[in-house]
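Structure at a glance
Chain by chain, the residues run as shown.
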Amino acid sequence: MRDEIFYGLATEINSEFTRRWVFGFSQEDDIFLENDETLQIIPENRKASYPWVELQYLENRYGVFKNINQIQRLEDIALGSNFVFRVGYAGKNFDNLNRLLRYKGLYQYTLDIRDKHIFETSVTLDGRHYDQDDAASSRVFGLAGAYHYFHDDKNRWYLGLQYHAGQNLSQYEELTLGDINGMRGYPTDFQRGKKLYLITLERRYFSDIHIFNLSRLGVVAFYDHGKAWGIDHYDFSNQLSNIGLGLRFSPTKVRVGNVVHINVAMPISSKSGADDYQITVGAYQKF
């Protein structure tokens, strides 16, 4: 359960950037219960209640593009640097088991080259430290990059790269690959670890087809390759690879929102434990 209240104030606004300070209070409750199918010892409940302060730096540069995350719609893409860092602290008087230091950070940089190429990079940090309780303390660091190449108005190439590393992760915090977590030809949580990398290559087609005047249609062919590893009590992690095809549906009678994904993917390496093919359906903010 996650609850928070906050108040923000822009302390500087000019033609180049906006700086904001945000003050808030968060309560995070991780509660675990056994059921008839529970096979392992469940983790201890974990609670974090704390006030926090957050600094935001937003570069005031935007580009207008079409066929990036939505289908046949104009999109405002933030360019340049964007930075967010939050830090909170609280003691036992906030009903925490021990004194808590909570921190989150995000840095993003997006570059547009001649309206033909878009490069996206990001760095993330998410962690907590409980005084005198290392077992409940954990952190995850992430790097990500993406490249969009505009072949023409309807055809796009996309390359995505991710690397994440965690420390002292509980089972429910472990980094996973499979299904919605990147490897579309493998079941959910097919691999688990404290480190992972993922490479995604897609050929995207944004059609003019407007189904019943309700939804735009897109098509994608994709290749995923990755691995999660680093936890001793799991079996050795092999490299995972899959290929697949997918359909994308973008509703047009509502404001910009989710894109429905329907994928059919087949594993082409490390097939043990995976079906010959897998069909997945989901809704996402991006193509």
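Here the structure is shown first, and the text comes after it.
Summarised in this report is the structure supplied together with it. Being a predicted model, the structure only gives us computed values, none of them experimental.

How each quantity is defined
Residues numbered from 1 in each chain as written. Predicted model: local features only at pLDDT ≥ 70, side-chain atom pairs only at ≥ 80, totals over all residues. Heavy atoms only, no water. Helix = DSSP H or I, 4+ residues; strand = E, 2+ residues; numbered from the N terminus. Buried < 20%, exposed > 50% of the residue type's maximum accessible area, 1.4 Å probe, protein only. Areas by Shrake-Rupley, 256 points an atom, 1.4 Å probe, with all protein chains shown as cover. Lys, Arg positive; Asp, Glu negative; His and termini not counted. Charge placed at Lys NZ, Arg CZ, Asp CG, Glu CD. Core = buried A, V, L, I, M, F, W, Y, C linked by side-chain atoms within 4.5 Å. Contact = heavy atoms within 4.5 Å. Salt bridge = Lys/Arg side-chain N within 4 Å of Asp/Glu carboxyl O. Phe/Tyr/Trp six-rings, centres within 6.5 Å; stacked < 30°, edge-to-face > 60°. Lys NZ or Arg CZ within 6 Å of the ring centre and 35° of its normal. Polar contact = N/O pair within 3.5 Å; in protein donor to acceptor, adjacent residues only side chain to side chain. Pairing = 2+ DSSP bridges.

1. Quick look at the overall build of the protein
Per the secondary structure count, the protein includes 0 helices and 17 strands. Seen through its C-alpha atoms, the protein measures out along the principal axes to roughly 60 × 55 × 35 Å. Looking at the protein residue by residue over its 287 residues, the buried ones come to 41%. Looking at the protein as shown, the accessible area adds up to about 16,400 Å², and 57% of this sits on carbon and sulfur atoms. Averaging the positions of the 32 positive and the 36 negative side-chain charges in the protein gives two centres separated by 6 Å.

2. Comments concerning the nonpolar core
Membership of the largest hydrophobic core is limited to 10 residues, which are Leu169, Leu175, Leu177, Met183, Tyr186, Leu196, Leu198, Ala228, Leu240 and Ala274. The set of elements that each furnish at least two residues to this core consists of strand S11 (175-177) and strand S13 (195-211). Here Leu169 is in contact with Ser138, Arg139, Val140, Glu174, Leu175, Gly193 and Lys194, once residues within four sequence places are set aside. One finds Ala48, Trp52, Ala90 and Ala136 within the second-largest nonpolar core, a separate group that totals 8 residues.

3. Observations concerning the pattern of salt bridges
Within the structure shown, the criterion is met by 17 salt bridges. Notably, a salt bridge pairs Arg204 with Glu202, separated by 2.7 Å at the nearest N-O pair. Taken individually, Arg204 and Glu202 each receive the classification buried, so the pair is uniform in this respect. Counted as one network, the salt bridges with shared partners bring together Glu28, Arg102, Asp126 and Arg128.

4. Focus on the packing of aromatic side chains
One pass over the structure, following the stated rule, counts 8 aromatic pairs. Measuring from ring centre to ring centre gives 4.5 Å for Phe32 and Tyr172, while their planes differ by 50°; the resulting arrangement is tilted. Taken together, the residues Phe32 in the loop between strand S2 (17-30) and strand S3 (46-59) and Tyr172 in the loop between strand S10 (155-167) and S11 connect sequence positions 140 residues apart. When the centroid spacing of 4.9 Å and the interplanar angle of 45° are considered together, the rings of Tyr186 and Phe190 count as tilted. The residue whose ring lies beneath Arg156 is Phe150, and the NZ or CZ to ring-centre distance is 4.2 Å. Sitting over the face of the ring of Trp229, Lys227 holds its NZ or CZ atom 5.7 Å from the ring centroid.

5. A look at the environment of Asn213
Among the secondary structure elements, Asn213 is positioned in the loop between S13 and strand S14 (215-229). Residues Asn213 and Pro251 lie 38 residues apart in sequence; the distance between their C-alpha atoms is 9.1 Å. Once you skip the residues sitting within four places of it in the chain, Asn213 turns out to touch Thr252 and Lys253. Side chain to side chain, Asn213 and His210 meet in a polar contact 3.1 Å long.

6. Section: the side chain of Arg248
Assignment of secondary structure puts Arg248 in strand S15 (residues 240-251). For the buried residue Arg248, which engages in no salt bridge, the nearest side chain bearing the opposite charge is Glu202, 4.7 Å off. Within the structure, Arg248 has its side chain in polar contact with the side chain of His261 (distance 3.4 Å). Filtering out sequence-adjacent residues up to four positions away, Arg248 remains in contact with Ile71, Arg184, Arg216, Leu217, Gly218, Val220, Val259, Val260, His261, Ile262, Asn263 and Phe287.

7. What to know about the pairing of strand S9 (residues 138-150)
Sheet faces and side chains relate simply in a regular strand, where the side chains alternate between the two faces. One ladder, built from 12 bridges, connects strand S8 (residues 117-130) with S9; its direction is antiparallel. When the bridges of S9 are listed, Thr121 appears paired with Gly145. Two elements, S9 and S10, share 12 bridges in a ladder whose sense is antiparallel. Note that in S10 the partner of Arg139 across the bridge is Gln167. Between the end of S9 and the start of S10, which pair antiparallel, lie 4 residues.

Keep in mind that these numbers describe shape and distance, not what the molecule does.
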